[in-house]
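Spelled out from the first residue to the last, the chains are:
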Amino acid sequence: MTTGTNKRGLDSPRTGRIVFWWLGGICALLALADLFVHKHVHFGFEGWFTFYGVFGFLSCFVLVMAARGLRKLVMRDEDYYDRDYR
Amino acid sequence: MTEIIASLPPGSILILGGLLVPLVRGRLQQVWLLALPVVSFLHLLSFPDGYLLQVHLFDYELTPIRIDRLSLVWGYIYHLAAFLTVIYSLHVRDGVQNVSGITYVGAAIAAVFAGDLITLFVFWELTAVTSVFLIWASRTERSYRAGMRYLIIQVGSGVLLLAGTVIHLQQTGSLAFGHLGLGTLGTNLIFLAFGIKCAFPLLHNWLQDSYPEATVTGTVFLSAFTTKLAVYALARGFAGTEMLIWIGVTMTAFPIFYAVIENDLRRVLSYSLNNQLGFMVVGIGIGTELSLNGTAAHAFCHILYKALLFMSMGAVLYRTGTVKGSELGGLYRSMPLTAVFCIVGAASISAFPLFSGFISKSLIITATADGHYVVAFVVLLFASAGVVEHAGIKVPYFSFFSHDSGIRCKEAPPHMLLAMGLTAFLCVGIGIFPQPLYRILPYPVDYQPYTATHVITQLQLLLFFAFCFGLMNLMRLYPPELRSTNLDSDWIYRRALPAAANAVLRVARFFRVRAVDRLELNITRFVRGVYRAHGPEGLWARTWSTGNTVLWVAIILAAYLLIYYL
């Protein structure tokens, strides 16, 4: 097999997009399931429509954006700690 | 003979057998290494539940062996993890690693069954001293330094434990390792010692610093024992300490931000380990039967899937020579089985239904909700979702998929595949059939993980999160993998404190120079003064003529006579 970007492999952008849209479809189905299943919950907010879905989505957004900010703060060169020992 | 074996603490067979490893060579050594966990496990099973061995040493009563349901959970999983890790590391010919791996496991097991604080201390330190060789065995400058930092911190934790024990003994007269609780200086010190080993926030960084520097197999060993020993110790000594809920909640939340931006995938897994410990610590803090069951169950499952993830990344490191996200990608072509096992580990840690994390983490989260800790509940939910990002998606995605890095290598060797396969099988098996695990938990379990609500809410949480990840990746909002070092609390002792010490030294040197100058000046003056008086020309150094001397003697005599008459 040759090296380089593969157009058809599981690591191609095309596969990525297919997986992404399938995921979107499954999420939609899960949101629908919320309408049909009576949820047994501890806290009131858990009972809101697709609370867990929205929470998961927002968690990812907040986590990634915060981590980008964190990177500005704490990222250094790879040899940051090795420099003294040279 | 049977009496001697019965008086040996569980795990001691591994310690003694581990020391004999260098005496056997080649195939026989492999057989020996595989046999040791099995024999040690049978030895453990030979003790009845509730067994106590007490001995008197000087005036103190020690309990080197205590077998009960809490310690047994750890005893079982430690043996299982040891066996799987030995299979994984069958290719290792390095005697140092083989001896240190096995003795380390033995020390951890013996520590779990310690019924008094002195025995605990002895094996606590032994785990530190034996395990550091797994880091040093990488034989690089980096690993040497990381190992040194690891050793200092681990031994420091032991020293705190000993200090706390001595003070506790003075205050209460007891060495028993039961429920301690916060409040006195002694127990507070013991709590701190446990907290260091458990990687509490700000005391945590030895973990992310050292584990990724260990050898391919060393990290798998390390991931299972040290921190879970600390979890056990906390569960034994500080169950129901409310502060632990907040410590645990913090532990679940903050490492996941670091995990997003970390490039070394074994370091990502170390941050993830820290996050998983947080769940267990929350369970201990709540302190109900349900939550303590959750902690024990989660420790059990966690050891397996975390070992599986470290095994898969170890296999990648073994074959490609790197585990940096920025260098990897598309490895599923070369290592398809490893990729599958990694995904099983990822699904388990993400608590996907039908995988082990699902049936253990939910015990803790349910206990949190039962206790009406709303804030803790919401943060745990956020942290559960966050696990999907770093361990669930990032680790398998960036190494095996993402983009084709061009790396072509062989699949992991058969023994590694076997170890990963067995571990993956257990992760799925426990996820589908949780009852056998529930039966060995410390308290009776009345919990059904597979309800419609639980499955649907969990799937929503995980898949919407994954969808958002996909979206951000498509929109190029997701931070790319970059070769980098991220500053964490280790910066304090690797940079800030040495810099501060240097500054203090510089100031001290300045003052010393000035003080020495002043001193020199004074000494010179003094010497000059003495020279003036006693030197060749000095008043007191002159040689007097006899006449002068006689005159002076006559004057003194006259003065004497005068004073006498008066």
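Just so it is clear, the model here is predicted, and its values are computed rather than measured. (Residues numbered from 1 in each chain as written. Chains lettered and ligands numbered in written order. Predicted model: local features only at pLDDT ≥ 70, side-chain atom pairs only at ≥ 80, totals over all residues.)

The subject of this paragraph is the overall build of chain A. When helices and strands are counted, chain A shows two helices and one strand. Listed N to C, the secondary structure of chain A is α-α-β in terms of helices and strands. For chain A, the proportion of its 86 residues judged to be buried stands at 17%. (Helix = DSSP H or I, 4+ residues; strand = E, 2+ residues; numbered from the N terminus. Buried ≥ 20, exposed ≤ 12 C-beta atoms within 10 Å, placed from the backbone.)

In terms of regular secondary structure, chain B is built from 21 helices and three strands. Computed over C-alpha atoms, the radius of gyration of chain B comes to 32 Å, more than 25% over the 24 Å expected from 2.2 N^0.38 for 566 residues, which places it beyond the range of a compact globule. Its C-alpha atoms give chain B principal-axis dimensions of about 125 × 60 × 55 Å. When each of the 566 residues of chain B is scored for burial, the buried share is 55%. Considering only contacts in chain B between residues 6 or more positions apart, those separated by 24 or more positions represent 80%. (Rg over C-alpha atoms; globule rule 2.2 N^0.38 Å. Contact = placed C-beta atoms within 7 Å.)

Positionally, Leu-162 of chain B belongs in helix 7 (residues 141-172). On the basis of neighbour count, Leu-162 of chain B is assigned to the buried category, with 20 C-beta atoms found within 10 Å.

All names here are of chain B. Relative orientation of the contacting elements helix 6 (residues 117-136) and helix 10 (residues 216-237) amounts to 155 degrees, with a least axis distance of 10 Å. Relative to helix 10, helix 6 is oriented roughly antiparallel. Here helix 6 and helix 10 pass one another in a crossing that is left-handed. Facing Thr-127, Ser-131, Leu-134 and Ile-135 of helix 6, the residues of helix 10 in contact are Gly-218, Phe-221, Leu-222, Phe-225, Thr-226 and Leu-229. In the contact of helix 6 with helix 10, the residues fall into six nonpolar, four polar and no charged. (Axes fitted to C-alpha atoms, helices over the stretch in contact; angles between N-to-C directions. Parallel < 35°, antiparallel > 145°, perpendicular 65-115°, else oblique. Left-handed = near helix turned anticlockwise from the far one by under 90°. Nonpolar A, V, L, I, M, F, W, Y, C, P; charged D, E, K, R; others polar.)

Here we take up the interface of chain B and chain A. Each side of the interface is counted separately: chain B has 50 residues, and chain A has 45 residues. Mapped by element, the contributors of at least two residues to the side of chain B that touches chain A are helix 11 (243-261), helix 16 (374-400), helix 19 (452-474) and strand 3 (485-486) of chain B. The biggest single contributor to the side of chain B that touches chain A is helix 19 of chain B, with 18 residues. When grouped by side-chain class, the residues that make up the side of chain B that touches chain A number 29 nonpolar, 14 polar and seven charged. Where strand 1 (residues 75-76) of chain A and strand 3 of chain B come together, two bridges link them in antiparallel fashion. Counted as the bridge partner of Arg-76 of chain A is Thr-485 of chain B from strand 3 of chain B. (Pairing = 2+ DSSP bridges.)

With that settled, the discussion passes to the domain arrangement of chain B. Examined at the domain level, chain B breaks down into domain 1 (1-211), domain 2 (239-484) and domain 3 (494-565). The centre of domain 1 of chain B, based on its C-alpha atoms, is set 64 Å off from the matching centre of domain 3 of chain B. (Domains from an automatic or database assignment.)

All names here are of chain B. Counting 197 residues, the largest nonpolar core has Leu-234, Leu-308, Leu-309 and Phe-465 as its most contacted members. With 20 residues, helix 13 (residues 289-320) is the single largest residue contributor to this core. Each residue touching Leu-308, except ones within four places of it in the same chain, is listed here: Phe-341, Val-344, Gly-345, Met-420, Thr-423, Ala-424 and Cys-427. (Core = buried A, V, L, I, M, F, W, Y, C linked by C-beta atoms within 7 Å.)

Residue and element names in this part refer to chain B. Judged from the five bridges that link them, strand 1 (residues 52-57) and strand 2 (residues 60-66) form a sheet pairing that is antiparallel. Each bridged residue has a counterpart across the sheet, and for Leu-53 the counterpart in strand 2 is Ile-65. The hairpin turn running from strand 1 into strand 2, its antiparallel successor, is two residues long, and Phe-58 in that turn takes a positive phi close to 50 degrees.

Residue and element names in this part refer to chain B. By secondary structure assignment, the location of Leu-70 is in helix 4 (residues 69-88). Among the residues examined, Leu-70 registers 20 C-beta atoms within 10 Å and is labelled buried. Spatially, the C-alpha atoms of Leu-70 and Leu-441 are 7.1 Å apart, while their sequence positions differ by 371 residues.

Right, let's get into helix 15 (residues 356-370) of chain B. All names here are of chain B. Helix length check: helix 15, at 15 residues, gives a terminal C-alpha distance of 22 Å against a target of 21 Å (1.5 Å per residue), a fit within 8%. Roughly 25 degrees is the biggest bend found in helix 15, and it falls at Ser-362. Taken across its 15 residues, helix 15 has 12 buried, putting it largely inside the fold. Those residues of helix 15 that fall on the buried side of the exposure criterion are Ser-356, Gly-357, Phe-358, Ile-359, Ser-360, Lys-361, Ser-362, Leu-363, Ile-364, Ile-365, Ala-367 and Thr-368. (Expected span 1.5 Å × (residues − 1). Bend = angle between axes of the 7 residues up to and from the residue.)

Residue and element names in this part refer to chain B. Two elements in contact, helix 4 and helix 17 (residues 414-432), have axes whose closest approach is 7 Å; the angle formed by their N-to-C orientations is 155 degrees. The angle between helix 4 and helix 17 places the two elements in the roughly antiparallel class. Listed contacts from helix 17 to Leu-84, Ile-87 and Tyr-88 of helix 4 are His-415, Met-416, Leu-418, Ala-419, Leu-422 and Thr-423. A class-by-class count of the residues in the contact of helix 4 with helix 17 yields seven nonpolar, two polar and no charged.

All names here are of chain B. Among the structural elements, Phe-300 can be located in helix 13. Residue classification places Phe-300 among the buried positions, given that 24 C-beta atoms sit within 10 Å. Between the C-alpha atoms of Phe-300 and Leu-80, which are 220 residues apart in sequence, the distance is 9.8 Å. Excluding its chain neighbours within four sequence positions, the residues that come into contact with Phe-300 are Val-73, Ile-77, Ser-360 and Leu-437.

Taking 1.5 Å per residue, 22 residues should reach 32 Å; helix 12 (residues 265-286) of chain B reaches 32 Å between its end C-alpha atoms and fits that length. Remark: Gly-287 of chain B follows helix 12 of chain B within two positions and exhibits a positive phi of approximately 75 degrees.

Residues and elements named next belong to chain B. Despite not being glycine, Leu-354 shows a phi value in the positive range, around 80 degrees. Here Leu-354 lies in the loop between helix 14 (336-349) and helix 15. Given 14 C-beta atoms within 10 Å, Leu-354 falls into the partly exposed group. Despite not being glycine, His-372 has its phi angle at roughly 60 degrees, a positive value. Its location among the elements puts His-372 in the loop between helix 15 and helix 16.

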